[in-house]
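Residue-level structure breakdown
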Amino acid sequence: MVENVIWPAYLDADLSRSDGRRVAQELAVEEPTVDEIAKAVQQIGYDATIERDKAYSREHWADRGRVVVRGADDSTKNDLVQAVAAYVVAMRE
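Along each chain, the written sequence defines residue order, and numbers are assigned to residues from 1. It should be noted that, the model being predicted, local features are given only for residues of pLDDT at least 70 and side-chain atom pairs only at 80 or more, the latter also being counted only at that level, while totals for whole chains, interfaces and linings use all residues. Side-chain figures throughout are based on the complete set of non-hydrogen atoms in the structure, without hydrogens or water.

To continue, consider the side chain of Glu-59. Put simply, DSSP marks the helices as runs of H or I at least four residues long and the strands as runs of E at least two long, and each gets a number from the N terminus on. If you trace the backbone, Glu-59 turns up in the loop between β2 (47-51) and β3 (66-70). You can call Glu-59 buried: its relative accessible area is 10%. Contact partners of Glu-59, with chain neighbours within four places excluded, come to Ala-9, Leu-15 and Arg-64. Residue exposure (1.4 Å probe, protein chains only): buried if accessible area is under 20% of the type maximum, exposed if over 50%, otherwise partly exposed. Contacts are assigned to residue pairs that have any heavy atoms within 4.5 Å of one another.

With that settled, consider the packing of aromatic side chains. Any Phe, Tyr or Trp ring, taking Trp's six-membered ring, that has another such ring centre within 6.5 Å forms a pair; planes under 30 degrees apart are called stacked, those over 60 apart edge-to-face, and the others tilted. A complete count under the given rule lists two aromatic pairs for this structure. With 5.5 Å between their ring centres and 40° between their planes, Trp-7 and Tyr-56 make a pair best called tilted. With Trp-7 in the loop between β1 (3-6) and α1 (34-44) and Tyr-56 in the loop between β2 and β3, this pair connects stretches of sequence that are 49 residues apart. The same class applies to Trp-7 and to Tyr-56, which are both buried. Here the aromatic rings of Tyr-10 and Tyr-56 are separated by 5.9 Å at their centres, their planes lie at 90°, and the arrangement is edge-to-face. Note that Tyr-10 is positioned in the loop between β1 and α1 and Tyr-56 in the loop between β2 and β3, a separation of 46 residues in sequence. Given a relative accessible area of 10%, Tyr-56 falls into the buried group.

Of the positions making up α1, those classed as buried are Val-34, Glu-36, Ile-37, Ala-38, Ala-40 and Val-41. Looking at the buried positions of α1, the neighbouring elements they touch are β1, β2, β3 and α2 (77-92).

Structure representation (structure tokens):
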């Protein structure tokens, strides 16, 4: 079973692509949380585990956590991140 990790930085509107953002600015949000990401992952239909004590390597000073996604064998990581970002944007509207 494949495990994918989604860091909040992937969806953070305050970061540039070179700083770690992986989605277009239109799909990015201000200060995404691991709880929002996990909820979006579950709405898509995959299992999500939150690991709160982890820090993204490009922002090692901030323990924002990460979400481990299990069961996403049928899609690429990019497709998964894009779908999660769209759900997070929709949840905030």
